[in-house]
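# Structure assessment
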Amino acid sequence: MKKIIAGNWKMNLNVSDSSTLIKEILKEITTTNENLEVVVAPSYLAVDAVSKILKENNSSIKLSVQDAHWQEEGAYTGKVAVSMLADLGVSYSLVGHSEQRLYFNETDQTVNNKTKQLLKYNITPIVCIGETLEERESEQFEEVILSQLKLACNNLSSEEVKKLVIAYEPVWAIGTGKIPSFEQIADIHQLIKSELKNLCKSDDNLPAVLYGGSVKPENAKEIMNIQDVDGVLVGGASLKAKDFSQIASSAL
Ligand code: PGA
């Protein structure tokens, strides 16, 4: 299965800085390989500029947004409809990132609504799931993760579930420099994959499952060597072209 390396730029970089970063990334990531999919998720304001640069350079790097609304269109002040993304060449959207869940009232229901709407427009949802530190310590984390996964996939057909990408991001590992042990990552990815087998009613063509949370050039290779880890979702380190490209090349 090909590895996916996705960079989440979060609420960083204005349009000009985003353009500079994508140009630097294009210079750094020169090896294209069918076994590697590189994805960048700039802020909404920079999506158009980054899209143009990727097209001008005939790049295989794919464009993502960080969130999208589930309604078709209309009186939803401040939101962006999925239908508006397709013609900008957007291939992916994050859904249910823990910062959305924590600060902006993202619920399992809105994650499910967004996932369905993205699939309708053939944009791949990168559905983010993961436990908080409190949940990890209370030992309920496996239930939390499975429940987030099942509710995100509610009322999706098995064929639709196969089109998703899942990102396991323990909330306590995001931006903290802490990561779970490799064994813990392996356990959770195995758990997620086994639930995906149920949801997809098959053992084949399962969604890619990425790991996210404090991925750095120093740990990326080892993380990606873990069984059932199909790539990484990178925050902080994706803002530096050299770090991001090093992470991408560790997947090759
Ligand atoms: P981080 O963020 O790499 O800075 O920990 C990951 C994420 O939020 O997707």
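Everything in this summary refers to the structure shown in the same document. (Residues numbered from 1 in each chain as written. Predicted model: local features only at pLDDT ≥ 70, side-chain atom pairs only at ≥ 80, totals over all residues. Heavy atoms only, no water.)

Tracing the backbone shows arginine 101 in helix α4 (residues 98-103). Side chain to side chain, arginine 101 and aspartate 108 meet in a polar contact 3.0 Å long. In this structure, arginine 101 is in contact with Gly96, Glu106, Asp108, Val111, Cys128, Ile129 and Gln148, ignoring residues within four places of it in sequence. (Helix = DSSP H or I, 4+ residues; strand = E, 2+ residues; numbered from the N terminus. Polar contact = N/O pair within 3.5 Å; in protein donor to acceptor, adjacent residues only side chain to side chain. Contact = heavy atoms within 4.5 Å.)

For leucine 13, which is not a glycine, the phi torsion comes out positive at approximately 75°. Considering the arrangement of structural elements, one finds leucine 13 in the loop between β1 (3-8) and α1 (15-28). A positive phi angle, close to 65°, is found at asparagine 155, a residue other than glycine. Residue placement: asparagine 155 occurs in the loop between α7 (141-152) and α8 (158-161). Judged by relative accessible area, asparagine 155 falls into the exposed class, the value being 62%. (Buried < 20%, exposed > 50% of the residue type's maximum accessible area, 1.4 Å probe, protein only.)

Take the site of the ligand next. Close contacts around the ligand come from 13 residues, with Lys10, His97, Glu169, Gly175 and Ser214 the closest. Interatomic distance of 2.7 Å between a side-chain N/O atom of histidine 97 and an oxygen atom of the ligand. Here an oxygen atom of the ligand sits 2.8 Å away from a polar atom, N or O, in the main chain of glycine 235. Isolated, the ligand exposes 280 Å² of accessible area, and the fraction of that covered by the protein chains is 96%. A per-class count over the shell around the ligand returns four nonpolar, seven polar and two charged. (Near = heavy atom within 4 Å. Areas by Shrake-Rupley, 256 points an atom, 1.4 Å probe, with all protein chains shown as cover. Nonpolar A, V, L, I, M, F, W, Y, C, P; charged D, E, K, R; others polar.)

With that out of the way, let us pick up the sheet that holds strand β7 (residues 208-212). The strand order β1-β2-β3-β4-β5-β6-β7-β8 describes a closed barrel built from eight strands, whose pairing is parallel. The average angle at which neighbouring strand axes cross in this sheet is 25°, direction not considered. Two strands pair when backbone bridges link them, and strand β3 (residues 62-65) and strand β4 (residues 90-95) are joined in this way by three bridges, in the parallel orientation. Counted as the bridge partner of serine 64 is tyrosine 92 from β4. Against the sheet, helix α2 (residues 44-56) makes contact with β2 (36-41), β3 and β4, and its axis sits at roughly 175° relative to β3, the strand it touches most. Across the sheet, helix α10 (residues 217-224) touches β1, β7 and β8 (231-234), and the angle it forms with β8 is around 150°. (Pairing = 2+ DSSP bridges. Axes fitted to C-alpha atoms, helices over the stretch in contact; angles between N-to-C directions.)

With that out of the way, let us pick up the packing of α10 against helix α11 (residues 241-249). Contact pair α10 / α11: the axes reach a minimum separation of 8 Å and the direction vectors enclose 20°. Relative to α11, α10 is oriented roughly parallel. Classified by chirality, the crossing of α11 by α10 is right-handed. Touching Pro217, Ala220 and Met224 of α10 are Asp243, Gln246 and Ile247, all from α11. In terms of residue class, the contact of α10 with α11 is built from four nonpolar, one polar and one charged. (Parallel < 35°, antiparallel > 145°, perpendicular 65-115°, else oblique. Left-handed = near helix turned anticlockwise from the far one by under 90°.)

Here we take up the nonpolar core. Ile5, Ile25, Val40, Ile166, Ile192, Leu196 and Ile247 are the most contacted members of the largest nonpolar core, which has 66 residues in total. Take this core: its biggest share by element is seven residues, from helix α9 (residues 182-200). Residue contacts for isoleucine 166: discarding those within four places in its chain leaves Val127, Ile129, Leu149, Ile192, Leu196, Pro207, Ala208, Val209 and Leu210. Counting residues in each nonpolar core, the second largest holds twelve residues, with Ile4, Ala6, Cys128 and Leu210 among its members. (Core = buried A, V, L, I, M, F, W, Y, C linked by side-chain atoms within 4.5 Å.)

Pairing of β2 with β3, which is carried by two bridges, proceeds in the parallel orientation. In the sheet register, valine 40 faces β3, and the bridge partner there is leucine 63.

Another aspect to go through is the pairing of strand β6 (residues 165-168). Here β6 shows two buried faces, one formed by Val165 and Ala167 and the other by Ile166 and Tyr168. Examined bridge by bridge, strand β5 (residues 124-129) and β6 share four bridges and lie parallel to one another. Bridge pairing in β6 links valine 127 to isoleucine 166. The sheet contact formed by β6 and β7 spans four bridges and is parallel. In the sheet register, tyrosine 168 faces β7, and the bridge partner there is tyrosine 211. Traced from β6 through α9 to β7, the parallel crossover comes out right-handed. (Right-handed = clockwise from strand over helix to strand, strands pointing away.)

As a further point, take helix α5 (residues 108-120). For α5, with 13 residues, the first-to-last C-alpha span of 19 Å sits near the 18 Å given by 1.5 Å per residue. For α5, the complete set of buried residues consists of Thr110, Val111, Asn112, Lys114, Thr115, Gln117, Leu118 and Leu119. In this structure, the buried side of α5 is in contact with β4, α4, β5, α7 and α8. Looking at the residues trailing α5, positive phi occurs at asparagine 122, about 60°. (Expected span 1.5 Å × (residues − 1).)

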